[in-house]
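Chain by chain, the residues:
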Amino acid sequence: MLIPVLGMAIMSFWQQTGHMAFDVSGTLHNYVEALTRDMYRVLFLRSLAISGLTTLATVVMAFPLAYFIAFYVKRHKMVWIILVTLPFWTSYLLRVFAWKIILGYNGAINSGLISLGAISEPLTFLMYNPTAVVITLTHAWATVAILPIYVSLEKIDRSVLEAATDLGDSPFMRFIRVVLPLALPGILAASVLIFIPTVGDYVTPSLVGGSDGYMIANVIQFQFGRGSNWPSGAAISLTAMTIVAILVGVFVWMARRMSGRRS
Amino acid sequence: MNSGTGVAARILGTYAVIYVAYLYVPVLFLPLFSFNDSIYISFPLRGWTMKWYETMLANGALHRALINSLKVGIATAFISTVLGILGARAVTRYRLPGQKPVVAMIMLPLVVPEIILAMALLMVILRAGGSLGLVSIAAGHILLCVPFAMVVLMSRFEGFDRSLEESSQDLGENAWWTFWRVTFPNVLPGIVASLLLTFTISFDEFIMAFFLGSTEPTLPVFMWNQLRFPRLLPGVLALGACILIASVFIVLVAEWFRRRNTPETQSGDMIIG
């Protein structure tokens, strides 16, 4: 584990001079490029935006389900848990591919609507754009959001809820003042577990993103592949990891402070 | 509790059902269209056919890809589970100096984007003069799978009573036989679960297999290559449907092993770690 990451770190200060040939005298050139070239900036911002939206959508959609399983399902909790975990273990490629079939030009939605007579021309805005990437990722990462939130909700001591009711809180206020702060660790874990991998996702933007939906992983792959500029690819990778680490750190710190102030 | 509960339960229950439908329906389009008698993936459905499954069974390249996937999957499952056993045992039994950073390092692949890991490995392997192929794919998969194996096994090692091992040693068994006769049978369900889960991860994994492989594709890479030819799409769907069913089956068996004799409270730890 350590060797590849260190290797990449060292590589990022080199310069490519030919096929498999490198100028090994250290330079910051690759980082300067990674941070200043417009194309990279666009891709970084787009990746962060897509993955931020995905995280938000996934967590917001998953929360009610986790809440339902934790508080309303009395028997067969395990059945629900297995039911939502199962898709996580099936092929990621196939799940993304399923959305390509659904959203595509001749896909399920378009051909379905046409055969119903609702539209005469296929809708082109469904596919090959950032929205399609967000939709697909939101679906693909759903499980990862549900489990941590469920665990943190499940841990809440039921007597705390009763105490809040006894002290005169309405169910809504009880939710805001008791349940939500106590569920925060789960929500944080879910957000981090989704945000980090989705920023660097390669399959989804390649399959449903089109050129407007390309993300930073596509350019990393390009630099190591056809672009054959490994040092630049390494610098972009490390820059991406650093940006993500800083964002996640700030996010966790802010969330902790917010919850601390409230209680 | 109060009058709002009944309504809330009904709303949330409905939402839950819709949500689960949303989780599953998109994936079900794969098997649906794999039985459709048309090379176009579109409505209306043209009629029932098994011919995509027949072409799939007759496809030699696919068989080779399947065998590659099985080789990589079995090697990955075996090696990462052995590493997972060693790691989990070290972490749960001993308190070693510098343990936390080491565990964090092992768990890192869970949070580093896969493409970056794949590229870093690619770089190291090529610079070190290694060649790409099934071995390099397996190396990448092991890197990804060890954290999962460790998480599954750690909950098993933690759940088991240490005094059993101590009494075995008091009764005169040496450390080796204590492990085989006491520890091993107790953690066996965890080991089986770990083998099955790591195999599933490796079998379905695409990024590492795509970038660390050479001319020998694994099954996901084979599917990816087929996607470029619209004519071959229905065959890919048939293949995908089979893989889905196989994965679901393996995971259910793994779950069954993992949950045997473990308390329900550990329900969510599989992914969260």
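Residues numbered from 1 in each chain as written. Chains lettered and ligands numbered in written order. Predicted model: local features only at pLDDT ≥ 70, side-chain atom pairs only at ≥ 80, totals over all residues.

A.B. asks: I'd like a rundown of the overall build of chain A, residues and numbers included.
C.D. replies: Along chain A, the regular secondary structure elements total 13 helices and two strands. Counting only residues that meet the buried cut, chain A has 45% of its 263 residues in that class. (Helix = DSSP H or I, 4+ residues; strand = E, 2+ residues; numbered from the N terminus. Buried ≥ 20, exposed ≤ 12 C-beta atoms within 10 Å, placed from the backbone.)

A.B. asks: Please provide a residue-by-residue account of the overall build of chain B, values included.
C.D. replies: A tally of helices and strands in chain B yields 12 helices and zero strands. For chain B, the α and β elements follow one another from N to C terminus as α-α-α-α-α-α-α-α-α-α-α-α. Considering chain B as a whole, with its 273 residues, one finds that 41% of them fall into the buried category. Of the contacts formed within chain B by residues at least 6 apart in sequence, a portion of 78% connects residues at least 24 apart. (Contact = placed C-beta atoms within 7 Å.)

A.B. asks: Describe in detail the packing of helix α5 (residues 114-127) of chain B against helix α6 (residues 134-158) of chain B, supporting the description with residues and values.
C.D. replies: Residue and element names in this part refer to chain B. Where α5 contacts α6, the axes come no closer than 11 Å and their chain directions differ by 135°. As judged from the angle between their axes, α5 and α6 are oblique. In the packing of α5 onto α6, the handedness of the crossing is right-handed. On the side of α5, the interface is formed by L117, A118, L121 and I125, while α6 contributes S136, A139, G140 and L143. (Axes fitted to C-alpha atoms, helices over the stretch in contact; angles between N-to-C directions. Parallel < 35°, antiparallel > 145°, perpendicular 65-115°, else oblique. Left-handed = near helix turned anticlockwise from the far one by under 90°.)

A.B. asks: Outline the interface of chain B and chain A, supporting the account with residue identities and numerical values.
C.D. replies: Each partner contributes to the interface: chain B provides 60 residues, whereas chain A provides 64 residues. Elements with a minimum of two residues in the side of chain B that touches chain A: α1 (4-34), α4 (99-107), α5, α8 (175-204), α10 (219-226), α11 (233-259) and α12 (269-272) of chain B. Counting residues per element, the side of chain B that touches chain A draws most heavily on α1 of chain B, which supplies 15 residues. For the side of chain B that touches chain A, a count of residues per class yields 47 nonpolar, nine polar and four charged. (Nonpolar A, V, L, I, M, F, W, Y, C, P; charged D, E, K, R; others polar.)

A.B. asks: How would you explain helix α7 (residues 130-140) of chain A if you had to name every residue and give the values?
C.D. replies: Counting buried residues in α7 of chain A gives 10 out of 11 residues, a clear majority hidden from the surface. Taken as a whole, α7 of chain A has its buried residues at P130, A132, V133, V134, I135, T136, L137, T138, H139 and A140 of chain A.

A.B. asks: Tell me what's going on with the nonpolar core, and back it up with residues and numbers.
C.D. replies: Burial of nonpolar side chains together is a common tendency in soluble globular proteins. Grouped together as the largest cluster of nonpolar side chains are 144 residues, with contacts concentrated most on A66 and I149 of chain A. Looking at which element gives the most residues to this core, the answer is α6 of chain B, with 16 residues. Ignoring sequence-local partners within four residues, the contact set of A66 of chain A consists of I146, I149, Y150 and L153 of chain A. (Core = buried A, V, L, I, M, F, W, Y, C linked by C-beta atoms within 7 Å.)

A.B. asks: Before we move on, could you go through the environment of F71 of chain A and cite the residues and values that matter?
C.D. replies: Residue and element names in this part refer to chain A. With respect to the secondary-structure elements, F71 resides in helix α3 (residues 38-71). With 18 C-beta atoms packed within 10 Å, F71 lands in the partly exposed category. Taking the C-alpha atoms as reference points, F71 and A98, separated by 27 residues in sequence, lie 32 Å from one another.

A.B. asks: So what's going on with the packing of α3 of chain A against α7 of chain A? Residues and values would help.
C.D. replies: All names here are of chain A. At a minimum axis distance of 9 Å, the contact between α3 and α7 shows a crossing angle of 40°. Our classification of the angle between α3 and α7 gives oblique. As for how α3 packs across α7, the hand of that crossing is right-handed. Across from R46, I50, L53, T54, A57 and T58 in α3, the residues of α7 making contact are P130, V133, V134, L137 and T138. Of the residues that constitute the contact of α3 with α7, the class distribution is seven nonpolar, three polar and one charged.

A.B. asks: Requested: an account of the environment of A66 of chain A, with residues and values cited.
C.D. replies: Following the sequence through the fold, A66 of chain A ends up in helix α3. Sequence separation between A66 of chain A and W80 of chain A is 14 residues, and the spatial gap between their C-alpha atoms is 9.8 Å.

A.B. asks: Go over the confidence of the model for chain A, please, and point to the residues and values.
C.D. replies: For chain A, mean pLDDT is 78; residues scoring 70 or higher make up 86% of the total. Per-element confidence in chain A ranges from a low mean pLDDT of 61 for strand β1 (residues 15-18) of chain A to a high of 86 for α3 of chain A. (pLDDT = per-residue confidence, 0-100.)

A.B. asks: Got a sec to walk through the confidence of the model for chain B? Specific residues and values, please.
C.D. replies: All names here are of chain B. This prediction gives chain B a mean pLDDT of 78; 87% of its residues lie at or above 70. Here residues 263-273 is a poorly scored stretch, pLDDT under 50, and it has 23 contacts once near neighbours within four places are set aside; other chains count. Interface scoring of the predicted complex returns ipTM 0.76; its pTM is 0.78.

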